[in-house]
Number of protein chains: 2
Amino acid sequence: MRRWNGWGDESDHFELSDDARDFLRARIGDGRPPHDATIDEALRGVADSRVHAAARFDTDPRLRLLHARGQSFPDWVAMKSGRFGPVADAVARPASHEEAADALAEAQKLGAIVIPYGGGTSVVGHLNVPVGDRPVVNISFERMNRLLAFDEKSQLATFGAGTPGPQIEAQLRGHGALLGHFPQSYEFSTIGGWVVTRSSGQQSLRYGRIENLFASGRLLTPRGALRIGSAPASSAGQDLREAVLGSEGRLGLLTEVTARVRRLPASEDFHAVFFPSWEAGVEAARAITQAEVPLSMLRLSNEIETETQLRLAGHTELIKWLQRYLGMRGIAQGQCMMVIGASGSLGATRRMRREALAIAKLFHGVHVGKAIGKSWAKNRFRGPLLRNALWDAGYAADTVETAVNWPQATATMRAIEAAAREVLYADNERMHAFTHLSHVYRQGCSVYSTFVFRSTGDPDGDMERWRRLKARVSTAIVEHGGTISHQHGVGVDHAPYLIHEKGELGLDLMRAMARELDPQQMMNPGKLFV
Amino acid sequence: MRRWNGWGDESDHFELSDDARDFLRARIGDGRPPHDATIDEALRGVADSRVHAAARFDTDPRLRLLHARGQSFPDWVAMKSGRFGPVADAVARPASHEEAADALAEAQKLGAIVIPYGGGTSVVGHLNVPVGDRPVVNISFERMNRLLAFDEKSQLATFGAGTPGPQIEAQLRGHGALLGHFPQSYEFSTIGGWVVTRSSGQQSLRYGRIENLFASGRLLTPRGALRIGSAPASSAGQDLREAVLGSEGRLGLLTEVTARVRRLPASEDFHAVFFPSWEAGVEAARAITQAEVPLSMLRLSNEIETETQLRLAGHTELIKWLQRYLGMRGIAQGQCMMVIGASGSLGATRRMRREALAIAKLFHGVHVGKAIGKSWAKNRFRGPLLRNALWDAGYAADTVETAVNWPQATATMRAIEAAAREVLYADNERMHAFTHLSHVYRQGCSVYSTFVFRSTGDPDGDMERWRRLKARVSTAIVEHGGTISHQHGVGVDHAPYLIHEKGELGLDLMRAMARELDPQQMMNPGKLFV
């Protein structure tokens with residue numbers, strides 16, 4: 001059973017070791033364990049539905065509550081405090097494209113607003129229910145979670161939009177294929193959600209972003225079905241796939257996704273390399289990327305993330321051994337960990353690793369073998385579970401991410417962390433901020449920062465603190481020329497910053513697209529742009 | 001000096017050998033050498049300009065004539081017959097973004113239509129001047145042909161939109177870099193033209209289509225400058241680069257292009273492999289592509305193209321040797337030639353070649369070494385010159401191209417060629433049609449057909465024949481689910497077929513984008529869509 005007010009399955013826990021607790025205490029002080037609301041308390045706040053239950057519309061308050069929020073910081077505060085705010089009037093859970101079309105038509109008849117629901121993992125408020133006179137309907141794709149067609153010759157696979165990562169790969173494995181899209185939310189997020197939020201997986205270096213994997217699909221707009229070209233490539237005008245990618249529900253319901261798949265790689269491994277400094281690591285990351293070593297991933301943690309990861313992972317013995325070894329190799333203070341991944345034939349992965357390690361060595365990188373890489377790979381989707389454990393220990397956590405060109409990577413990282421720390425000076429509190437770069441491109445990389453701070457013990461206090469944090473770090477991002485999001489999307493939390501990269505005319509263009517396909521503005525209004 | 005009524009530089013000739021002439025005569029009969037108009041005759045048809053010459057607007061009839069046409073079949077008939085049809089009232093040739101902005105503002109004041117002009121190599125009528133009351137201005141980028149900025153750390157280079165291929169690579173070479181975009185029109189077509197027509201180069205397998213190379217740029221719309229995001233990647237809503245790609249001048253003037261470049265490869269070679277049949281070659285092409293051997297190109301000619309290329313290239317001795325060798329290896333009738341290219345370090349190119357040849361061998365491919373591959377590479381941009389030679393010998397030529405998924409490749413190729421041949425049955429004439437596939441993707445490939453037929457000796461007769469040909473082969477393409485263009489764009493010639501892949505709603509979406517940025521519909525109206 002999925003947690004109703006946190007991340008992951010209820011049976012799945014991330015335990016904070018005593019050492020991890022000591023580490024946090026020394027960094028930011030004792031946590032203040034929370035008093036979370038029960039689901040019954042939360043349910044008391046659910047208003048009556050304004051629509052009649054119908055064949056396609058379920059008005060059960062519990063169901064509506066469970067579809068009302070994602071995983072953003074405001075979503076967490078809402079869920080933990082039981083103060084959910086408005087929830088949809090009904091939830092439709094179509095089992096097919098045709099049923100989805102019926103649900104959309106019914107919503108249209110009601111003059112309702114539709115909020116498409118995929119895996120409920122949005123961290124930017126894509127699912128927020130607006131306050132207003134129009135009824136609101138969630139159309140959830142949780143029953144559209146299967147492989148519908150597989151074309152081996154064209155390496156194309158069609159899925160229901162609500163198919164989450166593990167089901168995708170399990171069903172493809174039977175055909176000897178894989179998609180290779182592994183965002184951290186992989187266990188719950190869905191292929192439809194990935195497309196409409198322009199998601200990127202941890203191994204995008206090899207498998208590509210969702211833009212590269214999305215071949216075609218079925219989009220139901222309020223004006224009817226939009227055809228999305230299915231040729232392998234085309235110069236026939238604008239590529240309409242690109243109008244759907246990142247549209248965040250504003251253009252219609254994406255019900256099915258045809259994706260470009262590959263053969264399963266014969267071999268895959270992950271290795272860790274330690275660098276004496278962040279700057280050395282960044283230069284190595286750039287050199288490896290621009291040499292076009294065909295790795296499947298590359299991730300570089302800054303010194304605080306490196307220390308935090310090792311401490312929170314709780315590998316006390318491993319760390320002791322590692323520090324002795326690194327010390328002998330001349331790496332002590334300020335060490336930064338890089339994890340690289342290689343996938344392919346046995347020979348190819350060996351060659352890639354050799355090439356990458358040879359370049360790393362030029363920048364004084366020390367290869368420490370497979371153990372840490374393996375451990376990273378094993379826990380790659382467990383990061384969000386840590387948020388549960390931190391919360392229970394009285395700490396709040398959030399993340400921001402961007403992408404910048406290589407010359408801006410270090411300054412952006414430092415500016416984000418400095419902005420986050422400054423936010424808490426006034427409160428006489430400390431911020432534990434750490435960062436990695438990943439998703440490397442010849443042109444630049446993504447920069448991903450995590451913030452841990454003490455809860456105030458009060459939802460309003462937490463939100464006030466977070467609002468200041470979000471504003472400061474987002475401003476730091478746009479001031480450094482970064483995109484407001486490399487992989488999370490815009491939703492409501494990032495919408496105020498979009499103007500910096502799109503300009504007023506660019507936003508007009510996005511608005512014009514939505515207006516054309518959704519003249520009544522019924523599709524997820526308020527998200528992406530206003 | 002560039003030919004005013006044909007392809008290429010006036011000093012550059014492709015000579016048809018006696019053997020080539022015999023080959024054509026046997027295939028489609030004796031050519032009827034043409035009576036082409038002189039430029040003076042053509043100039044007599046140029047109407048007076050409807051605008052006053054101004055600082056930015058040149059109304060010289062010869063200049064206007066030279067910007068009035070591209071290289072489509074209708075353009076050729078117009079140029080050869082001297083019956084150009086309408087030409088623009090003025091030509092502006094700005095030397096900078098700011099001058100282009102001034103020219104656009106001036107055109108706006110005049111209520112004029114603007115036709116952006118890059119290298120004049122369009123083969124689908126992008127440059128056609130509409131008949132109507134509004135004056136027409138060509139804004140040509142020929143003076144904006146330089147490298148403006150080079151960011152080595154981000155591997156980004158900014159060019160004036162009018163920079164043609166050879167100038168791009170020459171200027172990058174000084175930085176040890178290359179762009180790697182090599183369409184057949186490379187010598188004359190421009191980086192701005194590549195972007196707005198979604199061009200693809202011969203080595204797109206390694207370097208990517210222009211979509212992958214286009215990082216950002218400056219687009220002047222009638223409503224002002226559109227910002228195009230410059231982050232390496234982003235999930236912040238729709239990617240506005242994609243609105244510009246394939247916009248064919250409808251959204252504004254693209255004045256500068258920032259492109260993602262690479263380091264120059266240390267080594268590059270091209271090899272030829274012969275297959276006993278087209279089907280074997282297609283299966284080999286698919287297998288090599290889906291094994292993700294990182295070649296820079298792969299091109300498979302069908303049996304008629306294979307024979308035609310060898311005969312027209314005039315390598316009589318080479319052919320004799322080749323046929324003896326292939327005969328010994330069991331390949332005779334129906335042989336199909338594949339050319340593969342590999343670029344990279346010496347070790348990497350060797351490895352790719354070895355991997356590709358090993359797969360080819362599984363499909364009975366016989367490697368014949370470097371000579372033919374080298375000859376192909378040497379002549380890769382000379383194909384269009386052949387059209388001059390054919391015309392002078394009394395033959396007309398045209399091409400069509402599409403992209404389809406792998407299972408449709410063979411049927412599409414056969415249907416296009418059959419449709420082309422049938423067109424001339426009624427005239428008791430023969431069509432020489434041949435095809436290759438190239439631009440291979442995991443999902444499918446492009447299919448590119450060339451048609452050679454006897455001129456009627458009369459422009460109206462040629463056009464009537466061509467219209468039937470174009471309609472029949474375009475219908476065959478859309479009936480097989482192909483895109484109406486993989487690399488040439490839409491212009492006016494393909495506009496009627498766009499509905500098959502975009503649908504009415506998709507066309508509405510494209511129209512809405514243009515209307516938003518160009519409310520007066522002054523930007524290249526009638527192209528792409530009506």
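Residues numbered from 1 in each chain as written. Chains lettered and ligands numbered in written order. Predicted model: local features only at pLDDT ≥ 70, side-chain atom pairs only at ≥ 80, totals over all residues. Heavy atoms only, no water.

With an unreviewed UniProt entry as reference, chain A is termed FAD-binding oxidoreductase, source organism Solimonas terrae. Reading the Sequence similarities (unreviewed entry) entry of the UniProt record for chain A gives the comment "Belongs to the FAD-binding oxidoreductase/transferase type 4 family." Chain A has a UniProt comment under Cofactor (unreviewed entry) that states "FAD". (UniProt positions renumbered as here; feature names shortened; annotations may be inferred.)

(A) Representation of the overall build of chain A within the structure. For chain A, the helix and strand inventory stands at 19 helices and 17 strands. For 530 residues, the compact-globule estimate of 2.2 N^0.38 gives 24 Å, and chain A sits close to it at 23 Å. Along the three orthogonal principal directions, the C-alpha set of chain A runs to about 70 × 55 × 45 Å. Evaluated residue by residue, chain A yields a buried proportion of 63% over its 530 residues. Summarising the internal contacts of chain A: among those between residues at least 6 apart in sequence, 76% fall at separations of at least 24. Approximately 19,100 Å² of chain A is accessible, and the part contributed by carbon and sulfur atoms is 50%. Taken as two groups, the 63 positive and 59 negative side-chain charges of chain A have centres that lie 5 Å from each other. (Helix = DSSP H or I, 4+ residues; strand = E, 2+ residues; numbered from the N terminus. Rg over C-alpha atoms; globule rule 2.2 N^0.38 Å. Buried < 20%, exposed > 50% of the residue type's maximum accessible area, 1.4 Å probe, protein only. Contact = heavy atoms within 4.5 Å. Areas by Shrake-Rupley, 256 points an atom, 1.4 Å probe, with all protein chains shown as cover. Lys, Arg positive; Asp, Glu negative; His and termini not counted. Charge placed at Lys NZ, Arg CZ, Asp CG, Glu CD.)

(B) Representation of the UniProt feature "site: Important for enzyme activity" (unreviewed entry) in chain A in the model. As recorded in UniProt, the sites labelled "site: Important for enzyme activity" (unreviewed entry) are Arg299(A). Among residues more than four places away in sequence, those in contact with Arg299(A) are Glu305(A), Gln309(A), Met337(A), Met338(A), Val339(A), Trp376(A), His436(A), Leu437(A) and Ser438(A).

(C) Spotlight on the interface of chain B and chain A. With 83 residues of chain B at the interface, the matching set in chain A holds 82 residues. Among the residues chain B hides against chain A, the three largest losses belong to Gln238(B), Gln443(B) and Leu505(B). Together they make up 12% of the total. The interface formed by chain B and chain A contains 10 salt bridges. The partner of Glu516(B) in a salt bridge is Arg515(A), and the shortest N-O contact between them spans 3.0 Å. Scanning the region where chain B abuts chain A turns up 42 residue pairs in polar contact (both at pLDDT 80 or more). Element by element, the count of residues in the side of chain B that touches chain A is highest for helix α19 (residues 499-517) of chain B, at 15 residues. When grouped by side-chain class, the residues that make up the side of chain B that touches chain A number 31 nonpolar, 26 polar and 26 charged. (Buried area = accessible area lost by both parts, 1.4 Å probe. Salt bridge = Lys/Arg side-chain N within 4 Å of Asp/Glu carboxyl O. Polar contact = N/O pair within 3.5 Å; in protein donor to acceptor, adjacent residues only side chain to side chain. Nonpolar A, V, L, I, M, F, W, Y, C, P; charged D, E, K, R; others polar.)

(D) Geometry of the packing of helix α11 (residues 278-290) of chain A against helix α17 (residues 409-425) of chain A. Residue and element names in this part refer to chain A. Their axes nearest at 10 Å, the elements α11 and α17 cross at an angle of 135 degrees. Classified by the interaxial angle, the pair formed by α11 and α17 is oblique. In the packing of α11 onto α17, the handedness of the crossing is right-handed. The residues of α17 that touch α11, namely those facing Trp278, Glu279 and Val282, are Thr410, Met413 and Arg414. Here the residues of the contact of α11 with α17 sort into 3 nonpolar, 1 polar and 2 charged. (Axes fitted to C-alpha atoms, helices over the stretch in contact; angles between N-to-C directions. Parallel < 35°, antiparallel > 145°, perpendicular 65-115°, else oblique. Left-handed = near helix turned anticlockwise from the far one by under 90°.)

(E) Focus on the domain arrangement of chain A. Residue and element names in this part refer to chain A. Examined at the domain level, chain A breaks down into domain 1 (45-140), domain 2 (147-263), domain 3 (267-377) and domain 4 (385-488). The partner domain 4 presents 7 residues to the 10 residues of domain 2 that form the contact. In total, about 530 Å² of surface goes out of reach between domain 2 and domain 4, with carbon and sulfur atoms giving 44% of it. Together, Ser200, Leu205 and Arg209 form the three largest contributors to the area buried by domain 2 at its contact with domain 4, with a combined 56%. Here domain 2 is connected to domain 4 by 0 salt bridges. Tallied by class, the residues present in the side of domain 2 that touches domain 4 amount to 1 nonpolar, 7 polar and 2 charged. (Domains from an automatic or database assignment.)

(F) Spatial organisation of the packing of aromatic side chains. Under the criterion given, the structure shown has 20 aromatic pairs over all chains. Where Trp76(B) meets Trp391(B), the ring centres are 5.9 Å apart and the plane angle is 75 degrees; that geometry is what we call edge-to-face. Residue Trp76(B) is found in helix α4 (residues 73-81), and its partner Trp391(B) is found in helix α16 (residues 383-392); the two are separated by 315 residues along the sequence. Residues Trp76(B) and Trp391(B) agree in their burial class; the two are buried. Aromatic ring contacts, followed pair by pair, group Phe73(A), Phe453(A) and Trp466(A) into a single cluster. Geometry around Trp76(A) places Lys80(A) over its ring, the cationic atom sitting 4.8 Å from the centre. Note that Arg387(A) overlies the ring of Trp76(A), its terminal NZ or CZ placed 4.5 Å from the centroid. (Phe/Tyr/Trp six-rings, centres within 6.5 Å; stacked < 30°, edge-to-face > 60°. Lys NZ or Arg CZ within 6 Å of the ring centre and 35° of its normal.)

(G) Here's a closer look at the UniProt feature "domain: FAD-binding PCMH-type" (unreviewed entry) in chain A. Residues annotated in UniProt with the feature "domain: FAD-binding PCMH-type" (unreviewed entry) correspond here to residues 84-264 of chain A. Helix makes up 22% of residues 84-264 of chain A and strand 25%. Its end C-alpha atoms lie 43 Å apart.

(H) Representation of the environment of Asp493(A) within the structure. Residues and elements named next belong to chain A. Along the chain, the position of Asp493 falls in the loop between α18 (459-479) and α19 (499-517). Once the C-alpha coordinates of Asp493 and His126 are considered, the two residues, 367 residues apart in sequence, prove to be 8.7 Å apart. With near-sequence residues (within four places) excluded, Asp493 lies in contact with Ser72, Pro74, Val123, Val124, Gly125, Trp466 and Lys470.

(I) Summary view of the packing of α17(A) against α18(A). Residues and elements named next belong to chain A. One can describe the packing of α17 onto α18 by two numbers: an axis separation of 8 Å at closest approach and a directional angle of 155 degrees. It follows that α17 is roughly antiparallel to α18 by the angle criterion. Where α17 crosses over α18, the handedness of that crossing is right-handed. Across the interface between the two elements, Ala415, Ile416, Ala419, Ala420, Glu422, Val423 and Leu424 from α17 touch Arg465, Arg468, Leu469, Arg472, Val473, Ala476 and Ile477 from α18.

(J) Seen up close, the nonpolar core. If you look at the biggest cluster of nonpolar residues, it comprises 206 residues, and the most contacted ones within it are Met338(A), Leu437(A), Met338(B) and Leu437(B). Not counting chain neighbours up to four residues away, the residues in contact with Leu437(B) comprise Trp278(B), Val282(B), Ala285(B), Leu298(B), Arg299(B), Leu300(B), Trp406(B), Cys445(B) and Ser446(B). (Core = buried A, V, L, I, M, F, W, Y, C linked by side-chain atoms within 4.5 Å.)

(K) View of the sheet that holds strand β14 (residues 366-369) of chain A. All names here are of chain A. Strand order in this open sheet of 7 strands is β14-β11-β13-β12-β16-β17-β15, and the pairing throughout is antiparallel. Every interior strand has two partners, whereas the edge strands, β14 and β15 (395-405), have only one. Strand-to-strand, the axes of this sheet are offset by a mean angle of 25 degrees, without reference to chain direction. Pairing geometry for strand β11 (residues 267-275) and strand β13 (residues 336-344), over 9 bridges, is antiparallel. Note that in β13 the partner of Phe274 across the bridge is Met337. Its contacts with the sheet place α11 against β11, β12 (297-301), β13 and β16 (432-438), and it is angled at close to 170 degrees to β12. (Pairing = 2+ DSSP bridges.)

(L) Here's a closer look at unusual backbone geometry. Residue and element names in this part refer to chain A. Although it is not a glycine, Asn428 sits at a positive phi angle of roughly 60 degrees. Along the chain, Asn428 falls in the loop between α17 and β16. According to the relative accessible area criterion, Asn428 is exposed, its value standing at 73%.

(M) Local environment of the confidence of the model for chain A. Mean pLDDT over chain A stands at 96; residues scoring 70 or higher make up 100%. Both scores are available for the predicted complex, with the pTM at 0.97 and the ipTM at 0.96. (pLDDT = per-residue confidence, 0-100.)

(N) Highlighting the pattern of salt bridges. Residue and element names in this part refer to chain A. Under the defined criterion, the tally for this structure stands at 73 salt bridges over all chains. In this structure, Asp19 and Arg311 form a salt bridge, with 2.9 Å as the shortest nitrogen-oxygen distance. With a gap of 292 residues between them, Asp19 in helix α1 (residues 18-28) and Arg311 in helix α12 (residues 303-313) connect regions that are remote in the sequence. On the accessibility criterion, Arg311 (23% relative accessible area) is partly exposed.

(O) Region of the structure containing the relation of the copies chain B and chain A. After a rotation of 180 degrees and a shift along the axis of 0.0 Å, chain B superposes on chain A with an RMSD of 0.0 Å. The transformation relating the two chain copies, once decomposed into turn and shift, fits a two-fold axis. The overlap is high: 99% of the interface residues of chain B also sit at the interface in chain A, so the same surface is used on both sides. (Least-squares fit on C-alpha atoms with pLDDT ≥ 70 in both.)

(P) Spatial organisation of the sheet that holds strand β12 (residues 297-301) of chain B. Residues and elements named next belong to chain B. Pairing is antiparallel in the open sheet, where 7 strands are placed in the order β14-β11-β13-β12-β16-β17-β15. Of all strands in the sheet, those bounded by a partner on one side alone are β14 (366-369) and β15 (395-405). The sheet shows a mean angle of 25 degrees between the axes of neighbouring strands, direction not considered. Here β15 runs beside strand β17 (residues 444-454); their pairing, made up of 11 bridges, is antiparallel. In the strand pairing of β17, Val404 is matched with Cys445.

(Q) Broad picture of α18(A). An ideal rise of 1.5 Å per residue puts 30 Å on 21 residues; α18(A) measures up with 30 Å between its terminal C-alpha atoms. Looking at the residues trailing α18(A), positive phi occurs at Gly481(A), about 75 degrees. (Expected span 1.5 Å × (residues − 1).)

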